[in-house]
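# Reading the structure
Listed here are the chains, written in short residue letters.
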Amino acid sequence: MKDFARACEAIAAATKKLQKTAIVAEYLKSRAVEEAAVSAVFLSGKPFPAWEETTLQVGGTLLWRVVAELAGKSDAELTAAYRRHGDLGAVAGDVLEQRAGQGLKILEVSKAFHDIAAARGSAAKAVLVRELLAQATPLEAKYIIKIMTGDLRIGLKESLVEEAIGKAYAATLGEVQRANMLLGDIGETLRLAAEGKLAEAKMRMFHPLGFMLASPIDSAEEGLSYFAEAAVEDKYDGIRAQAHVSDGEVKFFSRTRDEITESFPELPGALAGLPQDAILDGEIVAWEYPPDTGDTQQIVDERPGLVSEQKAMDPGHARPFSVLQQRLGRKKVSETMLRGNPVAYVAFDVLYANGELLIDLPLRERARILDELVAERIHQGGTESRRKSQGDFGFDAGAGAAPAAAIRAPVFRVKSAEDLDELFVAAQARGNEGLMIKDLDSPYLPGKRGKSWLKMKRELATLDVVVTAVEYGHGRRIGVLSDYTFAVWDTNKDRLVNIGKAYSGLTDAEITEMTQWFLEHTIEDQGFRRVVEPRIVLEVAFNNMMRSDRHESGYALRFSRIVRLRRDKLPEEADTIETAQKIFEKQSQ
Ligand code: AMP
């Protein structure tokens with residue numbers, strides 16, 4: 001562990017990434033493979049590999065107490081040291097200076113971490129932590145604590161450790177990354193690299209893969225600017241979950257790769273009948289199920305086909321995140337909770353099926369395979385009416401049980417930014433957060449945030465603003481004044497300062513009415529643009545606010561939309577720049 005700690009000090013001191021990876025590579029090469037493998041995990045700032053479900057469950061307070069005790073320092077002294085360092089590991093290195101232990105081997109530290117994780121209760125854990133730190137040299141203690149708190153703070157990310165492994169064992173970065181992604185274990189990846197067997201890394205069921213992530217966009221236009229063909233889905237406001245289904249066994253993993261099946265005991269049943277092993281990507285969402293009348297027969301009798309068809313097409317809809325929140329982190333879920341706060345699994349991607357890893361296929365192929373899985377499940381589904389509904393591929397509701405469905409997220413196609421705007425408004429009306437826009441030609445990139453998946457999110461806040469200028473619209477809105485520039489009052493309320501533009505949210509009838517009004521109340525006709533009398537108040541919503549000199553106010557709103565006309569408000573009642581500043585400050589906290 002001494003050499004590990006020394007290497008960490010050198011890595012922290014190095015300023016360039018290249019120097020850092022060179023030090024890591026040298027260090028790894030100098031160790032036996034087993035030690036190097038454990039070191040690779042520690043160097044990623046974690047006590048255990050990503051896929052292992054082990055956690056230390058040792059809080060900062062416990063560590064603080066043990067360090068104070070070992071160092072023989074008062075709380076005040078430790079607090080003073082903490083102010084100097086801002087990191088408990090560094091504090092330990094400092095205050096334990098006088099109290100050198102004989103030193104530890106890296107594999108001993110790894111074993112101690114497993115023992116601590118297995119110990120029940122904080123008293124038992126404290127004894128083991130104390131034993132471990134008592135044997136460590138001050139420098140070792142510094143890094144043991146940093147690993148325990150999950151952050152080495154030496155400017156080393158797992159991606160740099162991957163690079164170093166490539167360097168140390170003559171493999172390409174791509175080979176290392178792929179193996180690490182499939183195994184979710186940088187230590188195991190190192191072992192394979194050392195043996196020249198990276199190509200043998202295989203995806204393992206019930207070991208979660210990394211999640212593909214999305215980048216935010218500012219406008220509908222931007223949403224369509226990165227790729228040729230987009231698949232658009234609602235952005236559900238729940239929690240991301242990867243479902244592994246094998247031989248009737250189903251487990252769900254969160255974005256942090258923790259298993260969360262326990263909190264959703266009703267969900268496995270909805271996927272258990274999948275005809276083959278599969279890994280799905282999706283969102284667990286609080287769900288409002290349509291009332292299950294159970295008397296389909298009667299309905300069919302009344303209006304053959306039509307009504308039952310309609311009923312089958314309605315799988316229900318999402319409820320707010322706050323409803324789901326009450327279900328999170330529970331080990332035991334009460335009957336009342338299961339019934340009062342039911343959930344659904346909304347699947348939007350498939351990473352493994354037909355015995356094959358599918359991540360390298362373009363989204364259009366994966367989407368097709370997911371559709372087929374859904375269809376097969378429906379085919380198997382038997383007589384239950386809801387199973388027939390399109391996109392609802394599992395429904396597990398025994399008599400009197402809480403409902404649970406797996407639903408295929410509907411996919412939309414768009415031709416223009418206007419289409420996207422309309423879908424956005426519709427998605428919000430369905431109670432969802434916004435939209436996800438995905439490149440149909442893109443592979444699934446685990447753990448990557450790129451521009452193949454884009455997110456258009458729910459607004460941060462709203463402002464009441466005054467329209468100061470208007471422009472003619474595009475597409476469907478040619479010939480009507482539908483693009484509005486709007487302003488808030490400056491500090492003294494004697495001047496309006498522009499803060500943004502928006503062109504969606506009003507109904508066609510409202511736009512027609514407003515066009516007439518603006519034509520009659522134009523102060524200056526600039527051709528495509530008209531400066532108008534500042535008398536119309538709008539409520540606008542936006543995702544984000546940033547400093548910008550595009551508008552006089554010094555701010556710009558990202559992705560603003562009109563929520564409604566505020567006919568009930570006089571222009572004097574619109575918001576001031578202070579309100580905008582407050583929103584800006586709140587958002588940057
Ligand atoms: P954010 O958490 O704001 O970065 O947005 C990304 C998250 O949106 C993902 O991690 C998912 O949990 C969630 N999400 C909701 N609906 C979808 C969808 N249709 N496709 C992908 N991610 C989605």
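Definitions and cut-offs
- Residues numbered from 1 in each chain as written.
- Predicted model: local features only at pLDDT ≥ 70, side-chain atom pairs only at ≥ 80, totals over all residues.
- Heavy atoms only, no water.
- Salt bridge = Lys/Arg side-chain N within 4 Å of Asp/Glu carboxyl O.
- Helix = DSSP H or I, 4+ residues; strand = E, 2+ residues; numbered from the N terminus.
- Buried < 20%, exposed > 50% of the residue type's maximum accessible area, 1.4 Å probe, protein only.
- Near = heavy atom within 4 Å.
- Polar contact = N/O pair within 3.5 Å; in protein donor to acceptor, adjacent residues only side chain to side chain.
- Areas by Shrake-Rupley, 256 points an atom, 1.4 Å probe, with all protein chains shown as cover.
- Nonpolar A, V, L, I, M, F, W, Y, C, P; charged D, E, K, R; others polar.
- Expected span 1.5 Å × (residues − 1).
- Arc of directions from axis to C-beta.
- Contact = heavy atoms within 4.5 Å.
- Domains from an automatic or database assignment.
- Buried area = accessible area lost by both parts, 1.4 Å probe.
- pLDDT = per-residue confidence, 0-100.
- Phe/Tyr/Trp six-rings, centres within 6.5 Å; stacked < 30°, edge-to-face > 60°.
- Lys NZ or Arg CZ within 6 Å of the ring centre and 35° of its normal.

Here we come to the pattern of salt bridges. Taken as a whole and assessed by the stated rule, the structure comprises 45 salt bridges. Residue D115 pairs with K111 through a salt bridge whose shortest N-O separation is 2.9 Å. In this pair, D115 and K111 are both assigned in helix 7 (residues 106-118), four residues apart and thus about one turn of the helix distant. Using a relative accessible area of 32% as the deciding quantity, one classes D115 as partly exposed. Here D151 ties to R153 by a salt bridge, and the two come within 3.8 Å at their closest N and O atoms. With a relative accessible area of 52%, R153 lands in the exposed category.

This part takes up the site of the ligand. Every one of the 13 residues lining the ligand counts as a neighbour, but E233, E283, K438, K455 and K457 are closest to it. Between the ligand and the protein, one listed contact pairs an oxygen atom with a side-chain N or O atom of R255 at 3.0 Å. At 2.2 Å from an oxygen atom of the ligand is found a side-chain nitrogen or oxygen belonging to K455. In the complex, the protein chains occlude 90% of the 500 Å² of accessible area that the ligand would expose alone. Tallied by class, residues from the shell around the ligand come to four nonpolar, no polar and nine charged.

This next bit is on helix 1 (residues 2-13). Here helix 1 is twelve residues long and its end C-alpha atoms lie 17 Å apart, about the 16 Å a rise of 1.5 Å per residue gives. Turning to helix 1, its buried residues number three or more, namely F4, A5, A7, C8 and I11. Burial along helix 1 is one-sided: seen end-on, the buried residues are contained in an arc of 160°. At its buried positions, helix 1 is contacted by helix 2 (17-29), helix 3 (33-43), helix 7 and helix 9 (138-148).

Quick look at the domain arrangement of the chain now. Much of the literature gives interface size as the accessible area that the parts lose upon coming together. Taken domain by domain, the chain consists of domain 1 (2-200), domain 2 (214-408) and domain 3 (461-587). Domain 2 puts six residues into the contact, and the matching count from domain 3 is four residues. Across the domain 2/domain 3 interface, buried area totals approximately 390 Å², and carbon plus sulfur atoms make up 36% of it. When the buried area of domain 2 at its contact with domain 3 is split by residue, D218, A220 and E221 rank highest and sum to 77% of it. Our enumeration of links across domain 2 and domain 3 arrives at zero salt bridges. Where domain 2 touches domain 3, the interface holds one residue pair in polar contact (both at pLDDT 80 or more).

Of all residues in the chain, 90% attain a pLDDT of 70 or more, and the chain-wide mean is 87. Below pLDDT 50 for its whole length, residues 294-312 participates in twelve contacts with residues either more than four positions away or in separate chains. Low confidence marks residues 378-390, where pLDDT is under 50. Its contacts with residues over four positions away, or in another chain, come to 25 contacts.

Applying the stated criterion across every chain yields a total of ten aromatic pairs. Here the guanidinium or amino end of K251 rests over the ring plane of F206, the centre of that ring lying 5.2 Å away. Above the plane of the ring of W453 lies K438, whose end atom (NZ or CZ) is 4.0 Å from the centre.

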